[in-house]
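# Report on the structure
If you want the building blocks of each chain, they are given just below.
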Amino acid sequence: MMSAADFAAIRLTLELAAVTTAILLVIGTPVAWWLARTRSAWKGAVGAVVALPLVLPPTVIGFYLLVMMGPHGPVGQLTQALGLGLLPFSFAGLVVGSVFYSLPFVVQPLQQAFEAIGERPLEVAATLRAGALDTFFSVVLPLARPGFVTAAVLGFAHTVGEFGVVLMIGGNIPEKTRVVSVQIYDHVEALEYAQAHWLSAGMVAFSFLVLFLLHSRKRGGAR
């Protein structure tokens, strides 16, 4: 059966995924809208930066974030000057790392949803003298709602499954930075395979449920 440490890791993982997803939706929405609408020469470069976590090893991302947020890095020096201390090996540090690592899983579905809207609804709104913000909140958001659902689900699920980035930035501090993936690693290292099976099976079931719901939603939307 699962121990108190296992339940603490589950709670921390869900908190991290919820906070990260909320931040990603706030940050990712304007980025995705810009990528979907712009004709700037910078579009390719920005899109490549957003997609980097898809191809970079998590340890590489974790390493550079650790350097930047460390005592000699620019972010670390800024947080120390503001009296916030250092972000590595803290929950806030995990959030920063998770936002970077899960960024493409939120931005790309939103960009695809915005691009699928097309020009016609925006032109109709313009003929009705709707302002930019009114058009976005009254026309774009309702039409892009499936994209927001997909982005939120993928961002949450991807954050739940993180290992390399959170281990590099947060370490392995019980009830502070030890998430489910790290807890499974600890059980395996200690040859506690029964406990590892419980958590691993839960992750498999969660991942299957997420993918099943997404595929079911796409099939329902296609009809």
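The rules behind these values
- Residues numbered from 1 in each chain as written.
- Predicted model: local features only at pLDDT ≥ 70, side-chain atom pairs only at ≥ 80, totals over all residues.
- Heavy atoms only, no water.
- UniProt positions renumbered as here; feature names shortened; annotations may be inferred.
- Helix = DSSP H or I, 4+ residues; strand = E, 2+ residues; numbered from the N terminus.
- Salt bridge = Lys/Arg side-chain N within 4 Å of Asp/Glu carboxyl O.
- Buried < 20%, exposed > 50% of the residue type's maximum accessible area, 1.4 Å probe, protein only.
- Axes fitted to C-alpha atoms, helices over the stretch in contact; angles between N-to-C directions.
- Parallel < 35°, antiparallel > 145°, perpendicular 65-115°, else oblique.
- Contact = heavy atoms within 4.5 Å.
- Nonpolar A, V, L, I, M, F, W, Y, C, P; charged D, E, K, R; others polar.
- Phe/Tyr/Trp six-rings, centres within 6.5 Å; stacked < 30°, edge-to-face > 60°.
- Patch = residues over 30% accessible without salt bridge, like charges linked within 9 Å, V, L, I, M, F, W, Y side chains within 5 Å.
- Areas by Shrake-Rupley, 256 points an atom, 1.4 Å probe, with all protein chains shown as cover.

UniProt tags residues 12–36, 48–69, 81–104 and 193–214 as "transmembrane region" (unreviewed entry). Note that residues 12–36 is 100% helix and 0% strand, and that its end C-alpha atoms are spaced 34 Å apart. The span residues 193–214 is 100% helix and 0% strand, and its two end C-alpha atoms sit 31 Å from each other.

This part covers the pattern of salt bridges. Enumeration according to the criterion identifies three salt bridges in this entry. A salt bridge links R37 to E119; its shortest N-O distance comes to 2.9 Å. With a gap of 82 residues between them, R37 in helix 1 (residues 4–37) and E119 in the loop between helix 5 (91–117) and helix 6 (120–127) connect regions that are remote in the sequence. Of the residues examined, E119 reaches a relative accessible area of 42% and is grouped as partly exposed. Across the salt bridge formed by R178 and D186, the nearest N and O atoms sit 3.3 Å from each other. Exposure class is identical for R178 and D186. Each is buried.

Relative orientation of the contacting elements helix 2 (residues 43–51) and helix 5 amounts to 135°, with a least axis distance of 8 Å. In this view, helix 2 runs oblique relative to helix 5, as classed from their interaxial angle. Across from K43, V50 and A51 in helix 2, the residues of helix 5 making contact are L103, P104, V107, Q108, Q111 and E115. Along the lines of polarity and charge, the residues of the contact of helix 2 with helix 5 split into five nonpolar, two polar and two charged.

It is worth spelling out the packing of aromatic side chains at this point. As enumerated under the stated definition, the model contains nine aromatic pairs in all. For the pair W33 and F114, a centre-to-centre distance of 5.2 Å together with 90° between the ring planes defines the contact as edge-to-face. Linking W33 in helix 1 with F114 in helix 5, this pair joins segments that are 81 residues apart in sequence. Relative accessible area serves as the criterion here: at 24%, W33 is assigned to the partly exposed category. Look at F114 and F136: their rings are 6.1 Å apart centre to centre, the planes differ by 55°, and that puts the pair in the tilted class. Highlighted residues: F114 in helix 5 and F136 in helix 7 (residues 132–143), separated in sequence by 22 residues. Grouping residues by exposure puts F114 and F136 together as buried. Clustering of aromatic rings is evident, with ring pairs tying together W33, F114, F136, F137 and F148.

What follows concerns the environment of L14. Position of L14 relative to the elements: it lies in helix 1. Residues L14 and L25, eleven residues apart in the sequence, show an inter-C-alpha distance of 16 Å.

On the surface, a nonpolar cluster with roughly 430 Å² of combined accessible area is contributed by V49, L52, L54, V55 and L56. The topology assignment puts V49 in helix 2. Judged by its relative accessible area of 56%, V49 is exposed.

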